[in-house]
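So the chains spell out like this:
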Amino acid sequence: MNGLNSEAFTVFGQHIIWSDMVGNILGLITLALGWRRSLLTWPVQFLSGLVLFAAFYGHLTGSAGKQAVVMAVALYGWWQWQRNKGQSGDGHIVPRFASRRERAAMVAAAAVGTVAVALLFTAYPELSWDPWPDAYIFVGTIVAMYAQAKGMVEFWFAWLLVDLVGVPLNFANGYAFSGFVYVIYGALVLWGMRDWWLRSRKGPQPVLEGAPA
């Protein structure tokens, strides 16, 4: 997969790699589709992970492993949305806020998961170039995807928290395209958060008996 790891072009002195560019463009499309509550968000997310897995496999085992986890969660998200898409009158999932218990569980999972993964990365340096920030982004991404799979508005907040570390980390490590994409992620997250927030207040609209769906 040397072609995926070759340079696509250079802009402002930053070397843009094909895998970085293609994988993150697909990730951006994934977020936009998630905003629209489209079931297609999950296949595109899976494809994004597959591209990055192919690029990392063989020389960056840790990064490839992380993408394998992302693809597994994407399959879970597709399954969840497929099951629950009929809850609203428009054929999509109904956004909702997490319960206090769910929020506490996600915060605890993010905290414990970040520490555990960071310790793993520290013990095996070949898995990550920057263990603690990398662990934070990886675990935060999984938590955000899980919340999205459950239709929780909080998934947008999780993405914002990931962005706060992801943008500077990507620029610092030479992944300029990822850094630029994360900035655009931030704007999409704010718009998507507003849309899901408003929809969560409306709730599913009941269909009257005998009336057209």
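Note that the coordinates shown come from a computational prediction; the quantities given were computed from them, not determined experimentally.

Helix length check: helix 5 (residues 131-149) (19 residues) gives 27 Å between terminal C-alpha atoms against 27 Å at 1.5 Å per residue, within 8%. Most of helix 5 sits inside the fold, with 15 of its 19 residues counted as buried. The positive-phi residue at the C-terminal boundary of helix 5 is G151, with phi of around 75°.

Here we come to the confidence of the model for the protein chain. Mean pLDDT over the protein chain: 80, with 76% of residues reaching 70 or higher. When the elements of the protein chain are averaged for pLDDT, strand 1 (residues 7-11) gives the smallest value, 63, and helix 4 (residues 100-123) the largest, 95. Below pLDDT 50 for its whole length, residues 204-213 participates in five contacts with residues either more than four positions away or in separate chains.

Let us now look at unusual backbone geometry. Of note, R37 is a non-glycine position whose phi angle comes to about 60°, a positive value. Along the chain, R37 turns up in the loop between helix 1 (18-35) and helix 2 (41-56).

Moving on, we get to the packing of helix 4 against helix 5. Two numbers describe how helix 4 lies on helix 5: the axes approach to 8 Å, and their chain directions differ by 145°. Read as a crossing pair, helix 4 and helix 5 show a hand that is right-handed. Residue-level contacts link M106, A109, A110, G113, T114, V115, V117, A118, L119, F121 and T122 of helix 4 to P131, W132, D134, A135, Y136, F138, V139, V143, Y146 and A147 of helix 5.

Rules used throughout
Residues numbered from 1 in each chain as written. Predicted model: local features only at pLDDT ≥ 70, side-chain atom pairs only at ≥ 80, totals over all residues. Heavy atoms only, no water. Helix = DSSP H or I, 4+ residues; strand = E, 2+ residues; numbered from the N terminus. Expected span 1.5 Å × (residues − 1). Buried < 20%, exposed > 50% of the residue type's maximum accessible area, 1.4 Å probe, protein only. pLDDT = per-residue confidence, 0-100. Contact = heavy atoms within 4.5 Å. Axes fitted to C-alpha atoms, helices over the stretch in contact; angles between N-to-C directions. Left-handed = near helix turned anticlockwise from the far one by under 90°.

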